[in-house]
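What the coordinates show
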Amino acid sequence: MKIAVIGANSTLGRKVVLKAEEKGIGVIGMVRSAENLVGNGPLVLKDYHLLQSDDLEGCHCIVDTVSFVHIERYSTEMLPLWRLLEIVSPEQQLLCVGSCAFLYTDESRRQILLESGMLCNENDKGQLRQCVNAYERLRMNESVRWSVLCPPLILDRRGYGTGRIEFAGDVFPLGLDGHSQISVVDLASAVIELLLRGLPEHGLVSVRSLPR
């Protein structure tokens, strides 16, 4: 298997690259600057909106660690995701690391998390609304085999994680103990495990860390 990682020098992207190489997966890093690079694979150094289909040649899957995770850096119209939808071929798969904002709150599937009042930080609502809007636009695309992996409510950017993860569907992942958290390390592991298991076409997968 060979993958391209969009944002291969971001906090999450670096960990995805290293986890992939641990599993013997070839990686092409797609970066805008030659800073904080890891891994042994080739690089494509250019602005994401200038990427061409040739840059993705030979890749089975393209992993976007930027569009939703760092959505606040872009206007809605300038997300790398929109360029990827133009250049990813029908034979390739696109995996976006998404947001919990557009997951359903429960199995009734009547309400998404953003609309529920469950979000713990009111200051993030504008950013999460952008994520919901981007996902609604993504849902309209049927020409690309896309999937979205959604982390839980709390993304721990510093912790080592538990090494134990649990996948679910399009419902917000919440343990019986109220646990809804994942570290960036565990999230990167979840990206690679999901690739190896197989991606659901035009679907959401939620994930959380399990307690030790």
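Our subject is the structure listed above.
Only a predicted model underlies this, so the values are computations on that prediction, with no experimental measurement involved. (Residues numbered from 1 in each chain as written. Predicted model: local features only at pLDDT ≥ 70, side-chain atom pairs only at ≥ 80, totals over all residues. Heavy atoms only, no water.)

Now for the packing of aromatic side chains. In total, this model carries three aromatic pairs according to the counting rule given. Consider the rings of Tyr135 and Trp146, whose centres lie 6.3 Å apart with planes at 85°: the pair is edge-to-face. Of this pair, Tyr135 sits in helix H3 (residues 125-139) while Trp146 sits in strand E6 (residues 145-150), and the two are 11 residues apart along the sequence. With respect to class, Tyr135 is no different from Trp146; both count as buried. Taken together through their ring pairs, the aromatic side chains of Phe68, Phe102, Tyr135 and Trp146 make up a single cluster. (Phe/Tyr/Trp six-rings, centres within 6.5 Å; stacked < 30°, edge-to-face > 60°. Helix = DSSP H or I, 4+ residues; strand = E, 2+ residues; numbered from the N terminus. Buried < 20%, exposed > 50% of the residue type's maximum accessible area, 1.4 Å probe, protein only.)

Turning next to the pattern of salt bridges. In this structure the tally under the stated criterion is nine salt bridges. One salt bridge in this structure joins Arg83 and Glu86, with 2.7 Å as the shortest N-O distance. Within this pair, Arg83 and its partner Glu86 are both found in helix H2 (residues 80-87), separated by three residues, close to a single helical turn. A salt bridge links Arg109 to Glu107, with the nearest nitrogen and oxygen atoms 3.1 Å apart. (Salt bridge = Lys/Arg side-chain N within 4 Å of Asp/Glu carboxyl O.)

Neither face of strand E4 (residues 61-64) is left uncovered, since the one carrying Cys61 and Val63 and the one carrying Ile62 and Asp64 both have all their residues buried. Note that strand E1 (residues 2-6) and E4 share four bridges and pair parallel. The partner of Ile3 across the bridge, within E4, is Cys61. The pairing of E4 with strand E5 (residues 93-97) spans four bridges and is classified as parallel. Considered in E5, the bridge of Ile62 is made with Leu94. Considered for its hand, the β-α-β crossover made up of E4, H2 and E5 is right-handed. (Pairing = 2+ DSSP bridges. Right-handed = clockwise from strand over helix to strand, strands pointing away.)

To continue, consider the layout of surface pockets. Considering only enclosed or pocket space, the second largest pocket measures out at about 220 Å³ in volume. If you trace the second largest pocket, you find 13 residues lining it, with Asn9, Ser10, Arg32, Tyr48 and Arg73 closest to the centre. Residues belonging to the lining of the second largest pocket are distributed by class as follows: three nonpolar, seven polar and three charged. (1 Å grid on protein atoms, 1.4 Å probe; cavity = no way out; pocket = protein on both sides within 12 Å on 5 of 7 lines; lining within 4 Å. Points joined across faces, edges and corners; volume = space filled by probe spheres on them. Nonpolar A, V, L, I, M, F, W, Y, C, P; charged D, E, K, R; others polar.)

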